[in-house]
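Here is how the chains run, residue by residue.
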Amino acid sequence: MAIKVPAERPKTKGIQIAEKGRAETGEAISLDARLMMQLLAFGGCTDPAPLVAALEAAGIPGVLYEDFNDPYGVALLTYHTDPDFFIDTVRPLLRQAPFSELELKPGYTMTGRTYSIGYESDLEDVLLRRPIRHACTPEWPWAVWYPLRRKGGFERLPGDEQRKLLMEHGGIGMAYGRADHGHDIRLACHGIDRNDNDFVVALVGKALPPLSKIVQHMRKTKQTAEFMDQMGPFFVGRALWQHAVYPELV
């Protein structure tokens, strides 16, 4: 199932919604394309093999996890650049057997879109490729998914103070990534989350304990300690099946 993304979209006057970055030469760059990812959790699964067969037959891009905290639990991660994909393709699949025989756990549903911070030099990789690569690397089967919401006071901080807090937070993640202990997926979910969360985060890696250490380490940052309003619920799972399909700019 190919994922095609227009390289250029019609520009409108006024507000621009394209994600922004900065080339290595210092020039401002932008890309009006992003990936949407959705995690749906289910209970009542006694055998995941039919689920894998159905996903492979449909050619769905995504990941099927076995739930670490529920012996009958699974979760399905799907992704696409077109939101219609989740309604027109994923939804009909889940309304048929074998998925229709499972019990949906709405409290664990997480949906978000990729975004840029403004300094990235390779927007295509950041927005369209890296999240898929992190989710679908066979050597990184373990995953911890969770939503979060910041306190309103964070948004009222001066830009320089916000960047300082984000750099402290991000520095921890990059250190764990360089050591191959854990890698992240960051999604914005403003307005598309039933609980009014701001972001969805996934930590993926070779083993579960280092991912738990990342969460523990992040708790000590000023952003988490002083400006975090809500985190969780946490879904913890190990990938049983992965299917990577990378978008192509056309």
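Here, every reference points to the structure presented above.
Everything quoted here is computed from the prediction, not taken from an experiment. (Residues numbered from 1 in each chain as written. Predicted model: local features only at pLDDT ≥ 70, side-chain atom pairs only at ≥ 80, totals over all residues. Heavy atoms only, no water.)

1. What about the packing of helix α5 (residues 159–178) against helix α6 (residues 208–218)?
Just so we agree on the cut-off: Fitted lines through C-alpha atoms serve as axes, helices being fitted only where they are in contact, and the angles separating the N-to-C directions of these axes extend from 0 to 180 degrees. Here a helix means four or more residues in a row that DSSP labels H or I, a strand means two or more in a row labelled E, and each is numbered from the N terminus. For classification purposes, angles smaller than 35 degrees are called roughly parallel, those larger than 145 roughly antiparallel, those between 65 and 115 roughly perpendicular, and all remaining angles oblique. Note: crossing handedness is left-handed where the near helix turns anticlockwise from the far helix by less than a right angle, and right-handed where it turns clockwise. Contacts are assigned to residue pairs that have any heavy atoms within 4.5 Å of one another.
α6 packs onto α5 with a crossing angle of 160° between their chain directions and a minimal axis gap of 10 Å. Here α5 lies roughly antiparallel to α6, going by the angle between them. Note that α5 runs across α6; the crossing there is right-handed. Residues His169, Ile172, Gly173 and Tyr176 of α5 pack against Pro210, Lys213, Ile214, His217 and Met218 of α6.

2. Some points on α5
Quick reminder of the rule: What a helix should span is 1.5 Å times the count of its residues minus one. Working definition: with a 1.4 Å probe on protein chains only, accessible area under 20% of the residue-type maximum means buried, over 50% means exposed, and in between means partly exposed.
Taking 1.5 Å of rise per residue, 20 residues should cover 28 Å, and α5 covers 27 Å from first to last C-alpha, within 8% of that figure. Of the residues making up α5, those classed as buried are Gln162, Leu165, His169, Ile172 and Tyr176. Elements that come into contact with the buried residues of α5 comprise α4 (152–155), α6 and α7 (222–227).

3. As for the nonpolar core
Our working definition: Side-chain atoms within 4.5 Å are what join buried Ala, Val, Leu, Ile, Met, Phe, Trp, Tyr and Cys residues into a set we call a nonpolar core.
Counting 32 residues, the largest nonpolar core has Met37, Leu39, Tyr65, Leu77, Tyr79 and Trp145 as its most contacted members. Broken down by secondary-structure element, the contributors of at least two residues to this core are β4 (36–43), β5 (62–67), β6 (74–80), α3 (123–136), β9 (142–150), β10 (183–188), β11 (199–205) and β13 (235–243). The greatest single-element share of this core, amounting to six residues, is contributed by α3. Listed in part, the 20 residues of the second largest apolar core include Met36, Phe42, Leu55 and Leu102.

4. Side note on helix α1 (residues 49–58)
Let me state the cut-off plainly: To be clear, the arc concerns the directions from the helix axis to the C-beta atoms.
Looking at α1, one finds that the buried residues are Leu51, Val52, Ala54 and Leu55. Down the axis of α1, the buried set is contained in an arc of 165°. They therefore lie on one face. Exposed side chains of α1 directed beyond 90 degrees from the buried face belong to Glu56 and Ala57. Buried residues belonging to α1 abut β5, β6, α2 (84–94) and β13. Just beyond α1, the residue with positive phi is Gly59, at close to 70°.

5. Quick notes on the environment of Ile214
Position of Ile214 among the secondary structure elements: in helix α6. In this structure Ile214 comes out as buried when scored by relative accessible area, which is 3%. Residues Ile214 and Phe234 lie 20 residues apart in sequence; the distance between their C-alpha atoms is 14 Å. Setting aside chain neighbours within four positions, we find Ile214 in contact with Tyr176, Gly182 and Leu203.

6. What to know about the state of the cysteines
For clarity, the threshold we go by: Note on disulfides: each one is a pair of cysteine sulfur atoms within 2.5 Å.
According to the stated counting rule, one finds zero disulfides in the structure shown. Here Cys45 stays free of any disulfide, with the sulfur of Cys136 as its closest cysteine sulfur at 19 Å. What makes Cys45 buried here is its relative accessible area of 6%.

7. What about the pattern of salt bridges?
Side chains carrying opposite charge are able to pair once their charged atoms draw close together. Spelled out, the test is: Any carboxyl oxygen of Asp or Glu within 4 Å of a side-chain nitrogen of Lys or Arg constitutes a salt bridge here.
This model, assessed by the stated rule, comprises twelve salt bridges. A salt bridge links Glu248 to Lys4; the shortest N-O distance between them is 2.9 Å. Of this pair, Glu248 sits in strand β14 (residues 248–249) while Lys4 sits in strand β1 (residues 4–5), and the two are 244 residues apart along the sequence. Of the charged contacts, one joins Arg34 and Glu19 as a salt bridge, the two residues approaching to 3.2 Å between their closest N and O atoms. With Arg34 in the loop between β3 (28–31) and β4 and Glu19 in strand β2 (residues 19–22), the pair connects residues that are 15 residues apart, well separated along the chain. When sorted by exposure, Arg34 lands in the same class as Glu19, which is buried. Taken together, the salt bridges that share partners define one network made up of Glu19, Asp32, Arg34 and Arg113.

8. What to know about the environment of Asn69
Topologically, Asn69 is positioned in the loop between β5 and β6. Along the sequence, Asn69 and Val236 sit 167 residues apart, while their C-alpha atoms lie 7.0 Å from each other.

9. Regarding the pairing of β9
Selection rule: Here, a strand pair is defined by DSSP locating no fewer than two bridges between the strands.
Counting buried positions along β9 gives eight out of nine residues, so the element sits mostly inside the fold. Where β9 and β11 come together, seven bridges link them in antiparallel fashion. Considered in β11, the bridge of Pro147 is made with Val200. With four bridges joining them, β9 and β13 adopt antiparallel strand pairing. For Trp142, the partnering residue across the bridge sits in β13 and is Arg238. Of the pairings in the sheet, the one linking β9 to strand β12 (residues 228–231) comprises three bridges and is antiparallel in character. Bridge pairing links Leu148 to Met231 in β12.

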